[in-house]
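Here is what each chain is made of, one letter per residue.
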Amino acid sequence: MFDETDRAKELREKLESFMDSHIYPAEPVYREQMEAQDDPHAVPPILQELKVEARSRGLWNLFHPHEEWGPGLTNLEYAPLAEIMGRSPNLAPEATNCNAPDTGNMEVFTLFGTDEHKEKYLRPLLDGEIASGFAMTEPAVASSDATNIEMRMEKDGDGYILNGRKWFTSNGARPDCKVLIVMGKTDPNAEKHRQQSMMVVPTDAPGVEIVRSLPVFGYLDRESHADVTFTDVRVEAKDVLKGEGEGFAISQARLGPGRIHHCMRAIGMAERALEFMCRRAHERVVFGEPLAAKANIQDWIAEARVDIDQARLLTLHAADMMDKVGNKEARNLISEIKVAAPKVALTVIDRAIQVHGGAGVTDDFPLAEMYSHARTLRIVDGADEVHKMTIARRELRKYAS
């Protein structure tokens, strides 16, 4: 149904080789180095080594659709690569400089940044020298509805004064995070989707405080999920992206490809969890026979195979439609995959954990951490309920009298 282009095939084969020769063997080293270092958000040496290796193999910035900055792959070409990276979520995406939220921020700087933004932030991000954060979610409101955002961005002379609090600002607590893209309200009285703006804010700007890094299911992810306060932070007018009132439009442009990436990485996690489940089922003997001989385990494995393949095809279909008709026209499919892929990943990972018994909830296997990643996907980039509402409304509209 979806023909693989020659360049996509070449990159897929190179990436699979890199995963086998470097990423999977590095996983225990990464774990040891993370446990040994004082800062839970610092980049461990093994990851820096993997970045050098990935770049030497031409596996760098694969996500970027603009040929000036990356290979210029379509969504459909890149999607299978994101799935492969998802098999090792802590290492592969960042080793290839394809990790969120930097990917989305790089696209925003590419499309809407000034020449100064591109030189100061985009170039170092593309080179993997710095990290960036995306500050949109707020603790006091339901941020799945971006119109709820309360952060004030008040006009002050030739600039703006920012006051508010953000959290789950991914990368925010990393020592190499140098810039935030911040969304807030510049005009509460404007039309509903014209009230918000996005601004570029250096992390060392006066008034910006990283309060804490939020744990997720007890894990302090290396990327961090920062709780950030902004107190009388001054932003010059030149650092307003695209223009005042364009924040909602930028977020929609940013989130479409990002959701494809998230979903394909989730499918990659599910695929690897299925692999772990099958291997464990062959190895473990209970009541005189291997787990693989048990009917319920076979049922789980069969359902996993069907569900993963369905989710993959749906996601590839969404990617293909984004390439053909654009993000806006494909938004219903994007909502569908955002509901389907994390749900499939969660189910498969949960059953893989069950087959592993007590070992499944330890860090001897990557399953427990995969589960925490997959569970958060039902919330980030729009909660399931928001996407279902979007899907239902469009479906009902077809039959309205």
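For clarity, every value in this text was computed on a predicted model and none was experimentally measured.

1. So, the pairing of strand 1 (residues 131–135)
Reasoning step 1: Here strand 1 lies mainly inside the structure; five of its five residues are buried.
Reasoning step 2: By the bridge criterion, five bridges tie strand 1 to strand 4 (residues 177–185) in an arrangement that is parallel. When the sheet's bridge partners are listed, Ala-131 is paired in strand 4 with Cys-177.

2. What about the UniProt feature "domain: Acyl-CoA dehydrogenase/oxidase C-terminal" (unreviewed entry) in the protein chain?
Reasoning step 1: The residues that UniProt annotates with the feature "domain: Acyl-CoA dehydrogenase/oxidase C-terminal" (unreviewed entry) are residues 245–394.
Reasoning step 2: For residues 245–394, helix accounts for 77% and strand for 3%, while the C-alpha atoms at its two ends are 26 Å apart.

3. Side note on the packing of aromatic side chains
Reasoning step 1: According to the stated counting rule, one finds three aromatic pairs in the structure shown.
Reasoning step 2: Measuring from centroid to centroid gives 5.1 Å for Trp-167 and Phe-168, while their planes differ by 70 degrees, and the two rings are edge-to-face.
Reasoning step 3: Overall, the relative accessible area of 22% leaves Trp-167 in the partly exposed class.
Reasoning step 4: Under the relative-accessibility criterion, Phe-168 is labelled partly exposed at 37%.

4. Description of the packing of helix 7 (residues 247–283) against helix 9 (residues 331–356)
Reasoning step 1: The interhelical angle for the contact between helix 7 and helix 9, taken along N-to-C directions, is 20 degrees, at an axis separation of 8 Å. Between helix 7 and helix 9, the interaxial angle falls into the category roughly parallel. For the element pair helix 7 and helix 9, the recorded crossing hand is left-handed.
Reasoning step 2: Its residues placed into classes, the contact of helix 7 with helix 9 shows 19 nonpolar, two polar and four charged.

5. Concerning the side chain of His-373
Reasoning step 1: Residue position: His-373 is located in helix 10 (residues 367–376).
Reasoning step 2: If near-sequence neighbours (up to four positions away) are discounted, His-373 is found in contact with Pro-89, Asn-90, Asp-221 and Met-269.

Here is what the cut-offs are and how they apply
Residues numbered from 1 in each chain as written. Predicted model: local features only at pLDDT ≥ 70, side-chain atom pairs only at ≥ 80, totals over all residues. Heavy atoms only, no water. Buried < 20%, exposed > 50% of the residue type's maximum accessible area, 1.4 Å probe, protein only. Helix = DSSP H or I, 4+ residues; strand = E, 2+ residues; numbered from the N terminus. Pairing = 2+ DSSP bridges. UniProt positions renumbered as here; feature names shortened; annotations may be inferred. Phe/Tyr/Trp six-rings, centres within 6.5 Å; stacked < 30°, edge-to-face > 60°. Axes fitted to C-alpha atoms, helices over the stretch in contact; angles between N-to-C directions. Parallel < 35°, antiparallel > 145°, perpendicular 65-115°, else oblique. Left-handed = near helix turned anticlockwise from the far one by under 90°. Nonpolar A, V, L, I, M, F, W, Y, C, P; charged D, E, K, R; others polar. Contact = heavy atoms within 4.5 Å.

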